[in-house]
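Fold and contact review
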Amino acid sequence: MKDTAIAFQQEEETSETDSPTGKIYFVRLNYSEKVQHMIFMICFVTLVITGFMLKVPEGIVQKLGSAGEAVFLIRSLLHRIAGTVMILVSVYHVYYLIFKPAGRRWLFDMLPRFKDLNDLVGNCLYYFGVKKEPPEFDRFCYKHKMEYGALIAGTILMAATGLIMWTEYRWSKFIIDIATVVHGMEAILASLAIMIWHLYEIHLKPRKSPIDDAWITGVIDEEEMKEEYPLHYKKIMADPKLQEIYIKRETQ
Amino acid sequence: MRPIYFKYLTFTALFLLLHFGTVFADSEVLPDTENCLYCHRYPSMGRYDESGVKRIFYVNDEKFARSVHGKLKCKSCHAGVDKIPHTDVKKVDCTTKCHIREPSTDKEFSHINMVQKYETSVHGNGSKEKPKPFPEDLPTCKDCHENRIQSSVTGLWGKSEALSNETLARCIGCHTQKDWAQNFYLHFTHRMRRTRSQPEIIKLCTSCHEDSQKMARHGLESVSTFKDTFHWSLVKYGVKNAPDCISCHVPVGYTTHDIRSRTDPMSSIHTLNRIDTCSNQGGMQSCHPGATAEFATGRVHAYGTKAQLAAGMKVATFEDHENFRLLERAEVDISKDEIFHLKVLSLIQLFYKVFIPLVIGFMAYHQWLDWLKIIRTRKKRR
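Residues numbered from 1 in each chain as written. Chains lettered and ligands numbered in written order. Predicted model: local features only at pLDDT ≥ 70, side-chain atom pairs only at ≥ 80, totals over all residues.

**Quick word on the overall build of chain A**
Counting secondary structure elements, chain A contains 12 helices and three strands. By residue count, 18% of the 252 residues in chain A fall in the buried class. Counting only contacts in chain A whose residues sit at least 6 apart along the sequence, the fraction spanning at least 24 positions is 66%. (Helix = DSSP H or I, 4+ residues; strand = E, 2+ residues; numbered from the N terminus. Buried ≥ 20, exposed ≤ 12 C-beta atoms within 10 Å, placed from the backbone. Contact = placed C-beta atoms within 7 Å.)

Listed below in structure tokens is the structure:
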């Protein structure tokens with residue numbers, strides 16, 4: 001670890017000399033990714049609210065009185081709009097992954113590797129105090145990869161079952177029943193996962209609280225980069241091509 | 001002298017009272033030729049019957065006059081009320097002739113046609129050769145029908161009364177007897193609208209159909225599974241034209257008095273008629289206009305006790321009379337396909353019921369460890 005610390009110091013020095021304006025930032029999300037995240041997030045929240053509105057108990061719904069019908073119709077419309085937009089963003093994301101260089105880099109960095117399993121075990125051992133240092137994470141660690149995988153699986157399942165329910169008259173009741181059960185259960189799973197896994201990372205995690213602004217700015221500072229993604233940091237610092245992509249200098 | 005004055009005064013007061021009485025009697029909405037209102041106009045009139053149920057015998061003549069039976073005399077329905085007190089009262093029988101001439105046939109009117117049809121329906125007593133068991137469970141006319149106040153159709157263009165007034169004005173142009181025209185108009189338009197809202201219909205039907213013991217006596221299960229469907233969500237939010245019980249069981253072209261078992265080809269929910277029922281093309285709103293045969297053959301209510309018994313997911317014992325009776329019917333009613341469907345659906349549910357706590361539990365534990373570690377390292381650094 002001492003070596004890496006020295007290496008960091010040296011790199012810091014070099015980076016500081018490289019940047020006449022001082023502070024440098026590391027890109028976590030580029031413009032397209034930020035927009036994709038933003039749209040997806042709005043859709044997700046809308047879908048969760050308008051979807052679970054169906055499960056609100058009768059007694060509470062009745063308090064809406066005559067406004068209930070309008071609320072229901074708006075709910076239905078919003079759910080369908082948000083669902084459609086979410087599918088479109090997902091389709092664009094696939095296009096982005098295949099046809100854009102940044103997308104291809106994303107896909108390559110996101111691929112699961114044996115190291116991730118090692119990291120998971122290593123990180124847990126670090127939590128338990130068996131290991132003194134956490135494993136060094138690359139651009140995406142096992143947490144990101146698991147969440148991304150769950151997001152892909154969840155979106156495909158939700159989109160497919162949602163579309164089945166939307167075109168209900170074309171299917172057999174058995175298929176619709178399966179779609180309904182899967183859509184409902186997957187919704188519970190996705191909502192809870194986002195609440196516990198994702199919101200912890202950006203809201204509750206002590207050093208991120210009250211909110212991690214990387215989803216708006218798209219960047220994190222050097223200190224955070226070294227702490228969270230040391231391997232990626234080293235890779236960037238060793239490769240001028242990567243520096244062009246991932247380093248943003250503060251403009252004054 | 002005083003007592004004489006007093007006598008005169010009392011006499012005058014009584015005279016005036018009686019006089020006012022006749023004045024009020026003249027202005028009454030209902031020509032009370034049978035003199036029933038002499039007693040029944042008092043709101044406090046009533047008693048507790050043998051079973052402890054409060055019975056109210058008060059008649060609000062104004063409301064009665066506006067009701068669907070407002071033109072009838074009391075004795076047309078309440079036979080045998082000649083003695084006072086009424087010890088010889090007979091139960092109201094809707095098949096009796098009520099001394100009103102039915103204009104199309106000029107014969108005395110009676111509800112016997114409806115009752116005859118009803119008796120052959122799923123709610124009827126069955127035939128004389130094959131009467132249904134537990135006849136006391138079966139609904140009679142009065143279980144669903146009240147003497148409703150007639151109301152004309154409104155709401156085609158908003159909730160304004162203007163439509164009614166304008167149409168009625170046209171009637172009165174030729175039919176100069178205003179009262180007659182108004183009554184005829186109400187009689188006609190009252191039947192052009194639903195008298196009960198969707199929640200009211202569901203409340204009415206479930207007052208029996210959610211009583212699982214009563215249902216089990218007839219080999220049926222509680223319909224509470226309806227509340228697991230999307231149809232119910234629409235009703236819950238008060239959506240107009242939301243599907244309630246009669247939307248599928250009595251669609252356009254069927255009558256509530258002739259609801260039949262789903263195995264009967266005359267039933268709206270028989271496999272042969274399902275496409276028409278689901279698409280509801282002749283209705284106010286076509287529900288699933290492009291319904292395919294495959295879509296329309298499935299089960300609409302969620303799987304209930306009967307399917308669970310047939311699939312062996314619930315066991316009925318001899319002591320458990322309710323389920324034991326259901327099991328007999330379940331073997332006939334639930335097809336092999338339905339058992340398979342139920343098993344697949346249950347398996348998916350079971351998978352998620354195990355998978356969700358596992359995944360979420362792991363996530364919560366992992367993040368909790370992360371949080372602890374960060375807090376501890378911070379403390380150490382300090």
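**Some words on the overall build of chain B**
A tally of helices and strands in chain B yields 17 helices and four strands. Scored against the burial criterion, the 382 residues of chain B give a buried share of 15%. Taking as baseline every contact in chain B between residues at least 6 positions apart, the subset at least 24 positions apart corresponds to 45%.

**Thoughts on the packing of helix α2 (residues 31-52) of chain A against helix α4 (residues 68-99) of chain A**
Residue and element names in this part refer to chain A. α4 packs onto α2 with a crossing angle of 150° between their chain directions and a minimal axis gap of 9 Å. As summarised for this structure, α2 and α4 are arranged roughly antiparallel, according to the angle between their axes. Where α2 crosses over α4, the two elements pack in a sense that is left-handed. Residue-level inspection shows Ser32, Gln36, Ile39, Phe40, Cys43, Thr46, Leu47, Thr50 and Gly51 of α2 in contact with α4, the latter providing Arg75, Leu78, His79, Ala82, Gly83, Val85, Met86, Val89, His93 and Tyr96. Counted by class, the contact of α2 with α4 contains 10 nonpolar, eight polar and one charged residues. (Axes fitted to C-alpha atoms, helices over the stretch in contact; angles between N-to-C directions. Parallel < 35°, antiparallel > 145°, perpendicular 65-115°, else oblique. Left-handed = near helix turned anticlockwise from the far one by under 90°. Nonpolar A, V, L, I, M, F, W, Y, C, P; charged D, E, K, R; others polar.)

**Considerations on the nonpolar core**
Residue and element names in this part refer to chain A. Formed by 13 residues in total, the largest nonpolar core has its most connected members in Phe26, Met225, Tyr229, Tyr233, Ile236, Tyr246 and Ile247. For this core, the secondary-structure elements that each account for two or more residues are β1 (24-27) and α11 (230-238). Apart from the residues lying within four places of it in its own chain, the contact partners of Tyr229 are Phe137, Asp138 and Arg139. (Core = buried A, V, L, I, M, F, W, Y, C linked by C-beta atoms within 7 Å.)

**Observations concerning helix α8 (residues 173-204) of chain A**
Every α-helical turn comprises 3.6 residues, leaving residues that sit three or four positions apart pointing alike. Under the 1.5 Å per step criterion, the end-to-end length of α8(A) is 43 Å for 32 residues, consistent within 8% with the ideal 46 Å. Listed as buried for α8(A) are A:Ile176, A:Asp177, A:Ala179, A:Val182, A:Ala187, A:Ala190, A:Ala193, A:Ile196 and A:Trp197. Packed against the buried residues of α8(A) are α2 and α7 (142-166) of chain A together with α17 (336-381) of chain B. (Expected span 1.5 Å × (residues − 1).)

**Looking at the confidence of the model for chain B**
Residues and elements named next belong to chain B. In this model, chain B carries a mean pLDDT of 83, and residues with pLDDT of at least 70 account for 89%. The element-level mean pLDDT for chain B is lowest in helix α1 (residues 2-27), coming to 53, with helix α11 (residues 230-236) highest at 93. When the criterion is pLDDT under 50, residues 17-28 qualifies, and its contacts beyond four places in sequence or with other chains add up to one contact. Confidence metrics for the complex model read pTM 0.81 and ipTM 0.86. (pLDDT = per-residue confidence, 0-100.)

**Regarding the environment of B:Ala364**
Residues and elements named next belong to chain B. Along the chain, Ala364 turns up in helix α17. Residue Ala364 is classed as partly exposed on the basis of its C-beta count, with 16 C-beta atoms lying within 10 Å. The sequence separation of Ala364 and Glu62 amounts to 302 residues, and the corresponding C-alpha distance is 67 Å.

**Section: α4(A)**
Under the 1.5 Å per step criterion, the end-to-end length of α4(A) is 46 Å for 32 residues, consistent within 8% with the ideal 46 Å. When α4(A) is considered as a whole, its buried residues turn out to be A:Phe72, A:His79, A:Ala82, A:Gly83, A:Met86 and A:His93. Elements in contact with the buried residues of α4(A): α2 and α7 of chain A together with α11 of chain B.

**Regarding unusual backbone geometry**
All names here are of chain B. Cis geometry is adopted by the peptide bond preceding Pro85, which originates at Ile84 and carries an omega value of -10°. Checked against the element boundaries, Pro85 lands in the loop between α4 (74-77) and β3 (101-102). Non-glycine residue Asn35 carries a positive phi angle of around 65°. Here Asn35 is to be found in the loop between α1 and α2 (37-40). In this structure Asn35 comes out as exposed when scored by C-beta crowding, with 10 C-beta atoms within 10 Å. For Phe134, which is not glycine, the phi torsion reads 50° and is therefore positive.

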